[in-house]
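In case you want the letters, here they are:
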Amino acid sequence: MREEVLDKSNKNFMRRIKEKNPTYFDELRKGQHPDYFVLSCSDSRVSPTAITDMPLGRMFVHRNIANQVRRDDDSFTAGLYYGLKHLEVKKIIIEGHTFCGGVIAAWHGNEEEHLKPWLNHIRDSLPEKEEGNCLSEEELARINVIRQVENLKTHPVFKQYGEGVDVIGCLFHVESGEIEWLETDDERRL
Ligand SMILES: [Zn+2]
């Protein structure tokens, strides 16, 4: 079975690249040396390579709903380990975004069976409601990213293999296309 829309755009993609550089895919098959490990939300509007105009081979990407760092997530942990130990990435980027449905659903306590366990993880990164009633959805998304940066820095795999690797949080603004670079509490204190 063939998906016509994707098949057509894939052929366009191949043609465009080969016109510019006929040996492009011969180079690509030799291996990957990405500079960045990126943890992004799964949201279809926030593809990390698309919003930064990065070509293939520059970003090693892990995605989940609301860009969560979890020690007990085997998929994330394996990706982080592989990125640090074998690909020797130079920087880790944690990319959240405005209008994040995961953050909003966690904040409002969505009870759907297949969402709830993951939303509970997201909820753990948000402030208590009593203190945070006046927080905007944008501010909650920002707090979530900053918390994931902290979680990453204390992740056992990062502690073992991440020496000298910067961890940078950012918020992609869906409404403008701009990336806002976030400061963690550690950086603010400096
Ligand atoms: Zn999201």
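A. Inspection of the pattern of salt bridges at higher detail. With the rule as written, the count across this model stands at 12 salt bridges. The salt bridge partner of Lys-30 is Glu-27, with a shortest N-O separation of 3.2 Å. With a relative accessible area of 44%, Glu-27 lands in the partly exposed category. With a closest N to O distance of 2.7 Å, Arg-142 and Glu-138 form a salt bridge.

B. A look at helix α5 (residues 101-108). Buried within α5 are the following residues: Gly-102, Val-103, Ala-105, Ala-106 and Trp-107. One or two residues past the end of α5 sits Gly-109, with phi positive at roughly 75°.

C. Examining the domain arrangement of the chain more closely. If you check the domain split of the chain, you get domain 1 (1-30) and domain 2 (32-189). Domain 1 and domain 2 are separated by 30 Å when their C-alpha centres are compared.

D. Molecular detail of the coordination of the zinc ion. For the zinc ion, the protein coordination sphere consists of Cys-41 (SG), His-97 (NE2) and Cys-100 (SG), at 2.0 to 2.3 Å. Spacing between the donor residues of the zinc ion along the chain follows C-x55-H-x2-C. Like His-97, the residue Cys-100 is buried in the burial classification.

E. Region of the structure containing unusual backbone geometry. In the Ramachandran plot, Ala-66 falls in the positive-phi region, its phi being about 65° despite a non-glycine side chain. Within the secondary structure layout, Ala-66 lies in the loop between β2 (59-64) and α4 (74-86). According to the relative accessible area criterion, Ala-66 is buried, its value standing at 0%. Positioned with a positive phi, Glu-88 is a non-glycine residue whose angle comes to about 55°. Structurally, the position occupied by Glu-88 is in the loop between α4 and β3 (91-97).

Reading guide: rules and limits
Residues numbered from 1 in each chain as written. Predicted model: local features only at pLDDT ≥ 70, side-chain atom pairs only at ≥ 80, totals over all residues. Heavy atoms only, no water. Salt bridge = Lys/Arg side-chain N within 4 Å of Asp/Glu carboxyl O. Buried < 20%, exposed > 50% of the residue type's maximum accessible area, 1.4 Å probe, protein only. Helix = DSSP H or I, 4+ residues; strand = E, 2+ residues; numbered from the N terminus. Domains from an automatic or database assignment. Donors = N, O, S within 2.8 Å, 3.2 Å for Na, K, Ca; no water.

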